[in-house]
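# Commentary on secondary and tertiary structure
Listed below are the residues making up each chain.
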Amino acid sequence: MNSGPGLTLNLAGIPMKTPFLAASGCYGYGREYLPWADYSCWGALVLKGTTREPRGGNPPPRLVETPSGLLNAIGLQNPGIDYFLKQIRPGLEELGPAIILNIAGESIEEYCQVASLLEGVKEVDGIEVNISCPNVRKGGVHFGTDPAVVEELVGAVREVYSGPLLVKLSLEAGQIVPVALAAEKAGADALSLINTLRGMVIDIHRRRPVLGSLTGGLSGPAIRPVAVRAVWEVAEAVKIPVVGMGGICTAEDALQFFLAGATAVAVGTANFVNPRVASDLVRGLTRYLQENGFKHYRELIGAARNR
Amino acid sequence: MESRNNSPGGRLKEMVAVARNCYRLIIEYPWLAPPQPGQFVQLRWHRGTDPLLRRPFSIHRADCRRGELWLLIQVAGRGTADLVERGTPGMELDILGPLGRSFPHLEEEGLALLLGGGVGLAPLLFLAEERRRRGLPFRWLIGGAGADLLPPPEYFLSLGLSPQFVTEDGSLGEKGLATDLLQRFLEEERPSRVHACGPVPMLATAAKLCRQFRVPCHLSLESFMACGVGACQGCVVPIRHGEKVEYRRVCLEGPVFDGEVVDFEQWPGIDP
């Protein structure tokens, strides 16, 4: 990687070796893929959405495959922030990539309590505030749809957490740009988009929805064009960096996001299909840069908009 | 754009139908770690995005010396139908595994009772061969709706195994349910342990009977799965933990669970 084109970046104050992040919810707490993946190819791992109290998650079935996609309703099953800090945190820095913890809650107060517990925690390089989980009844996506609420929530978290602060946005509001601008105004250092899109699959034999919680969040290649469009719109409107995600499986997919204006990209569902996806992305991006005469990937960021 | 540089690839050597909608696959695979009965692999057979995910399959047989992986596959949905349609000798296969926890107490000397329903045979084939190889006693009951849905007795004989069959329509072995025969076995033979795999209603009844007769039982469970390595929390099943019911991952904490703690009353689609 040293002699090839540059892939390094500084995202929201976090130095990264590559512009590829493992997306929250798809990489557990960072260690699950150790036997299967080359961690040196990740710029950062975004760890599972964590709440103040442990959460049991949604009743199964939680997954159903859809055409080129995956509908999930995990419901933020997680052991809670205290368990994370005591049991999971130690040694995270040894994994290699930067570590970002996704946090979620049912109230502004809960988000702030979780964020304040992460202030100064050296193993966690930054936090991603999840205001867009479609699979919890309270909070989650409902925080992500109203620009005024987003501004209040992100502003409150900003007051208690001084490190790099990412905000993960939903498309549920219909208009994503006002929400993005609200998060930026309230002090977000970067924006992650998009989260999954709400959907439903019905089992025609049982004549009821497949998922235990009826609806779920759609991910995978099926949502990629929607995500590229959202990145395009948001990157034009905000000054802070955008982390693009939604169905990225190959370097060609990732390139679309860079060209639309993403500074980095996150990969979720593709890990399930191809645990070596990060190595493939680094190899594919490097080859594209070499073949097209670029010295650093950053020359591509937003390049599709400049004509 | 993708490569499989850091993991060994597999190659389909042979695919034969052994029952209606049921195929035995022999895959050339250079095992890096010897698997244990009850473990599974996540199989990917094509480069496209539809079907998107890998599919998990219990290991039927793993011959590390010859470098072979055997699977028994039932066509149950779009994924397995696609695999069978595309499956031709020489086809490259991407294999993640071995994954999950195996059946415990493999080396126990007491009489083990194996209970399989329908295609829930694969992990028990592995277990039975392992018990036989070690000269450990076991009995094996196989239940199914009818003979056409089960591999024929000759299939088992070719592996040196002779299970006892029971079918709902009486077309093979006794007529009835596998769990009826299980009850008789528990009464008459007092096995020291039961290992079961098959449809959920059968497993629920088996767990209940074993509790009644105070015989420990281990159930190999199935679930729709995404990652297979414990990252996504998608494949969970309800497991009793003291007073509480918690969701545990079939891929990591399972697929083999202690029958005592699986909460079938909370099971989706099953009326308690």
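Heads up: the structure comes first, above all this text.
Residues numbered from 1 in each chain as written. Chains lettered and ligands numbered in written order. Predicted model: local features only at pLDDT ≥ 70, side-chain atom pairs only at ≥ 80, totals over all residues. Heavy atoms only, no water.

### A short note on a nonpolar patch on the surface
Residues and elements named next belong to chain A.
- A cluster of nonpolar side chains, Met200, Ile202 and Leu214, forms an exposed patch at the surface whose accessible area comes to about 290 Å².
- Turning to its location among the elements, Ile202 is positioned in strand 12 (residues 202-203).
- Judged by its relative accessible area of 53%, Ile202 is exposed. (Patch = residues over 30% accessible without salt bridge, like charges linked within 9 Å, V, L, I, M, F, W, Y side chains within 5 Å. Areas by Shrake-Rupley, 256 points an atom, 1.4 Å probe, with all protein chains shown as cover. Salt bridge = Lys/Arg side-chain N within 4 Å of Asp/Glu carboxyl O. Helix = DSSP H or I, 4+ residues; strand = E, 2+ residues; numbered from the N terminus. Buried < 20%, exposed > 50% of the residue type's maximum accessible area, 1.4 Å probe, protein only.)

### What to know about the sheet that holds strand 9 (residues 165-168) of chain A
- The strand order around the closed barrel built from eight strands is 3-4-7-8-9-10-15-16 (chain A), with neighbouring strands paired in parallel fashion. Each adjacent strand pair in this sheet contributes to an overall mean axis angle of 25°, direction not counted. (Pairing = 2+ DSSP bridges. Axes fitted to C-alpha atoms, helices over the stretch in contact; angles between N-to-C directions.)

### Regarding unusual backbone geometry
- Across the junction of Pro60 of chain A and Pro61 of chain A, the peptide omega takes the value -5°, indicating a cis bond.
- Look at the link from Gly97 of chain B to Pro98 of chain B: it is a cis peptide, with omega at 0°.
- Tracing the sequence through the fold places Pro98 of chain B in strand 6 (residues 92-99).
- Its identity is not glycine, yet Ser68 of chain A carries a phi of approximately 50°, on the positive side.
- In this structure, Ser68 of chain A sits in the loop between strand 5 (63-66) and strand 6 (69-72).
- By relative accessible area, Ser68 of chain A is classed as buried at 17%.

### Observations concerning the nonpolar core
- The biggest cluster of nonpolar side chains holds 150 residues, and the ones touching the most others in it are Leu21, Tyr33, Phe84, Leu118, Leu191 and Leu193 of chain A.
- If one sorts the elements of this core by residue count, helix 5 (residues 200-212) of chain B sits on top with eight residues.
- Other than its neighbours up to four places away in sequence, Leu118 of chain A contacts Ile81, Phe84, Leu85, Leu101, Ile103, Val124, Ile127 and Tyr161 of chain A.
- Counting 27 residues, the second-largest nonpolar core is a separate cluster that includes Ile26, Leu72, Leu159 and Leu161 of chain B. (Core = buried A, V, L, I, M, F, W, Y, C linked by side-chain atoms within 4.5 Å. Contact = heavy atoms within 4.5 Å.)

### So, the interface of chain A and chain B
- The interface is formed by 42 residues belonging to chain A together with 37 residues belonging to chain B.
- Carbon and sulfur atoms supply 58% of the area buried between chain A and chain B, which totals about 3200 Å² over both sides.
- Area buried by chain A at its contact with chain B is led by Glu65, Val273 and Arg276 of chain A, which between them contribute 23% of it.
- Counting the contacts that link chain A with chain B gives three salt bridges.
- Between Glu65 of chain A and Arg78 of chain B there is a salt bridge, with the nearest N and O atoms lying 3.4 Å from each other.
- The interface formed by chain A and chain B contains ten residue pairs in polar contact (both at pLDDT 80 or more). (Buried area = accessible area lost by both parts, 1.4 Å probe. Polar contact = N/O pair within 3.5 Å; in protein donor to acceptor, adjacent residues only side chain to side chain.)

### Re the state of the cysteines
All names here are of chain A.
- Scanning the entire structure with this criterion turns up zero disulfides over all chains.
- Between Cys41, a free cysteine, and Cys249, which holds the nearest cysteine sulfur, the sulfur-to-sulfur gap is 17 Å.
- Looking at the unpaired Cys249, the closest cysteine sulfur is the one in Cys26, lying at 11 Å.
- A relative accessible area of 15% means that Cys249 is categorised as buried. (Disulfide = S-S within 2.5 Å.)

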